[in-house]
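Below are the chains, spelled out letter by letter.
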Amino acid sequence: MAATKQIVMSGIRPTGFLHLGNYFGAIRNYVKMQEQFNCYFMVADLHSLTTHPDTKELRENVERVLAENIACGLDPDKVALYCQSHVHETAELYLYLNMLAYKGELEKTATFKDKVRLNPENVNAGLLTYPVLQTADILLHRAKYVPVGKDQEQHLEMARTFAHRFNHRYCETFPEPVAYNNNEDLVKVPSLDGSGKMSKSENQMATLYLADEDDVIRKKVMKAKTDNGPTEMNSAKPDYIENIFGLMKLVCAADVIAKYESDFNNCTIRYGDLKKQLGEDMVHFIAPIREKINSILPDKKYLQQVMEQGAAKANKSAGETMQLVREAMGLKYF
Ligand code: AMP
């Protein structure tokens, strides 16, 4: 008899164009995992409401994220690719889990503090309980593995805490989920300006989007922060140079990287040449994805069908889990 496949769940918010951080932090693993795992990947439209309450462009953004995932190689026939708001039981599990999450621990979450700092006039309760909603998304499918970037590490720790609390208070219902990157450290793709990470809405000139045109990619890479180069042999790299070498490791050939490492160590490095090479390798990587996105995006009927198919799969799994949850909590009176 075939062994039961392990369950995987992850999501991306439809808050803008997807970028290299989304690809290398998350989607690359989605594509690998779809062959061996039972995968649930969603467009996290409810999460996006915590920071983007205006829904005028939501549908368009949801369709874009679906198209971008498929363009990267995700196959909607192999996985459940769905939209979070189509799974109504998410709200029910979120409610139950909210009773197990404490204000103090939610207030300490790094992403919450960041968002308060960035947008002090919109500190809503949904923002505070974001990690609880995320836990509901994961536990709804009783997922064990969650492919995410480094920025999600703390949220996953919280998901384990909430799952553990539920199991302890009621009865063993959920696996404790773990962040997944193929047994390697979680990925953080840095921004090109040497500060922070690539992101959908901040520092757009320092972020490489999967939809960027070739010339835009070259231009952004050429603007990446560098300096006059090291003056002492084998010196340590400043953070912003380390970041550029980190980006090279994502798309450049090993011998190219080795050449620039050696040029750096013997103080002959020419950052202009390095950035030209990196720009070309980025174009080579991004252009086929962009072209695929542009071919999928106009086909609204296909995207609609993907959403419907994904919703059916996700609702089936969520329905089964919620039966167990209600039983575990003693909420079934007839
Ligand atoms: P978000 O764009 O915040 O909805 O995140 C979607 C997924 O992309 C999550 O798994 C994040 O951890 C991942 N991600 C977003 N930005 C980066 C980045 N700069 N480096 C690595 N992973 C990222």
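Residues numbered from 1 in each chain as written. Predicted model: local features only at pLDDT ≥ 70, side-chain atom pairs only at ≥ 80, totals over all residues. Heavy atoms only, no water.

Asker: Lay out the overall build of the chain in plain terms, naming residues and giving numbers.
Answerer: From N to C terminus, the chain includes 14 helices and five strands. Its C-alpha atoms give the chain a radius of gyration of 21 Å, near enough to 20 Å, the size a compact globule of 334 residues would have. Expressed as lengths along the three principal axes of its C-alpha atoms, the size of the chain is roughly 75 × 50 × 45 Å. Of all 334 residues assigned to the chain, the portion counted as buried reaches 49%. In the chain, the share of contacts with a sequence separation of at least 24, taken over all contacts with a separation of at least 6, comes to 76%. (Helix = DSSP H or I, 4+ residues; strand = E, 2+ residues; numbered from the N terminus. Rg over C-alpha atoms; globule rule 2.2 N^0.38 Å. Buried < 20%, exposed > 50% of the residue type's maximum accessible area, 1.4 Å probe, protein only. Contact = heavy atoms within 4.5 Å.)

Asker: Would you mind going over the domain arrangement of the chain in detail, with residue names and values included?
Answerer: Along its sequence, the chain is carved into domain 1 (7-188 + 299-329) and domain 2 (212-294). Relative to domain 2, the C-alpha centre of domain 1 lies at a distance of 32 Å. Residue-level contacts link eight residues of domain 1 with eight residues of domain 2. Here domain 1 meets domain 2 over a buried area of about 720 Å², counting both sides, of which 84% is carbon and sulfur. When the buried surface of domain 1 facing domain 2 is broken down by residue, Leu20, Phe24 and Ala71 rank first, second and third, together holding 61% of it. Taken together, the elements giving at least two residues each to the side of domain 1 that touches domain 2 come down to helix H1 (20-33) and helix H3 (58-71). Among the residues forming the side of domain 1 that touches domain 2, the class breakdown is six nonpolar, no polar and two charged. (Domains from an automatic or database assignment. Buried area = accessible area lost by both parts, 1.4 Å probe. Nonpolar A, V, L, I, M, F, W, Y, C, P; charged D, E, K, R; others polar.)

Asker: Quick one: what's the story with the packing of aromatic side chains, residue by residue and with numbers?
Answerer: Aromatic rings considered in pairs are described by the distance between their centres and by the relative angle of their planes. Summed over all chains, the structure comprises 11 aromatic pairs. Relative to Phe285, the ring of Tyr23 has its centre 5.2 Å away and its plane inclined at 75°; by these criteria the two rings are edge-to-face. With Tyr23 in helix H1 and Phe285 in helix H13 (residues 271-296), this residue pair connects regions lying 262 residues apart in the sequence. Consider the rings of Phe37 and Tyr145, whose centres lie 5.8 Å apart with planes at 80°: the pair is edge-to-face. Within this pair, whereas Phe37 is found in the loop between H1 and strand S2 (38-43), its partner Tyr145 is found in strand S4 (residues 145-147), the two being separated by 108 residues in sequence. (Phe/Tyr/Trp six-rings, centres within 6.5 Å; stacked < 30°, edge-to-face > 60°.)

Asker: I'd love a proper account of the packing of helix H11 (residues 239-251) against H13, names of residues and values included.
Answerer: Their axes nearest at 10 Å, the elements H11 and H13 cross at an angle of 35°. The crossing of H11 and H13 is left-handed. Every residue of H13 that contacts H11 at Ile241, Ile244, Phe245, Leu247, Met248 and Val251 is listed here: Tyr271, Leu274, Leu278, Asp281, Met282 and Phe285. Grouping the constituent residues of the contact of H11 with H13 by class yields 11 nonpolar, no polar and one charged. (Axes fitted to C-alpha atoms, helices over the stretch in contact; angles between N-to-C directions. Left-handed = near helix turned anticlockwise from the far one by under 90°.)

Asker: Before we move on, can you summarise the pairing of strand S1 (residues 7-12) with the specific residues and values?
Answerer: Two strands pair when backbone bridges link them, and S1 and S2 are joined in this way by six bridges, in the parallel orientation. Each residue of the ladder has a partner; that of Met9, found in S2, is Tyr40. The β-α-β motif built from S1, the intervening H1 and the parallel element S2 has right-handed crossover chirality. (Pairing = 2+ DSSP bridges. Right-handed = clockwise from strand over helix to strand, strands pointing away.)

Asker: I'd love a proper account of the nonpolar core, names of residues and values included.
Answerer: Ranked by internal contacts, the top residues of the largest apolar core, which has 63 residues, are Leu20, Leu208, Met248, Leu278 and Met282. With nine residues, H13 is the largest single contributor of residues to this core. Structurally, this core is a two-domain feature, drawing no fewer than three residues from each of domain 1 (7-188 + 299-329) and domain 2 (212-294). Other than its neighbours up to four places away in sequence, Met282 contacts Leu20, Leu208, Ile217, Val221, Leu247 and Val251. Ranked by size, the runner-up nonpolar core spans 37 residues in total, among them Tyr40, Ala136, Ile138 and Met329. (Core = buried A, V, L, I, M, F, W, Y, C linked by side-chain atoms within 4.5 Å.)

Asker: Tell me about empty space enclosed by the protein, and name the residues and values.
Answerer: Evaluation of the coordinates by the stated rule reveals one cavity of 30 Å³ or more. Put simply, the largest cavity is a space of about 30 Å³. In terms of residues, the lining of the largest cavity owes the most to one element, helix H6 (residues 110-118), which gives three residues. Its residues assigned to classes, the lining of the largest cavity comprises three nonpolar, two polar and one charged. (1 Å grid on protein atoms, 1.4 Å probe; cavity = no way out; pocket = protein on both sides within 12 Å on 5 of 7 lines; lining within 4 Å. Points joined across faces, edges and corners; volume = space filled by probe spheres on them.)

Asker: Help me get a handle on the pattern of salt bridges, residues and values and all.
Answerer: Tallied over the full model, the rule gives 23 salt bridges. Between Lys78 and Glu35 there is a salt bridge; the shortest N-O distance is 3.1 Å. Taken together, the residues span a long stretch of sequence, with Lys78 in the loop between H3 and strand S3 (80-83) and Glu35 in the loop between H1 and S2 at a distance of 43 residues. A relative accessible area of 48% means that Glu35 is categorised as partly exposed. (Salt bridge = Lys/Arg side-chain N within 4 Å of Asp/Glu carboxyl O.)

Asker: Account for the side chain of Lys275, naming residues and giving values.
Answerer: Turning to its location among the elements, Lys275 is positioned in helix H13. Look at Lys275: it is buried, it has no salt bridge, and the nearest opposite charge is Asp227 at 9.3 Å. (Lys, Arg positive; Asp, Glu negative; His and termini not counted.)

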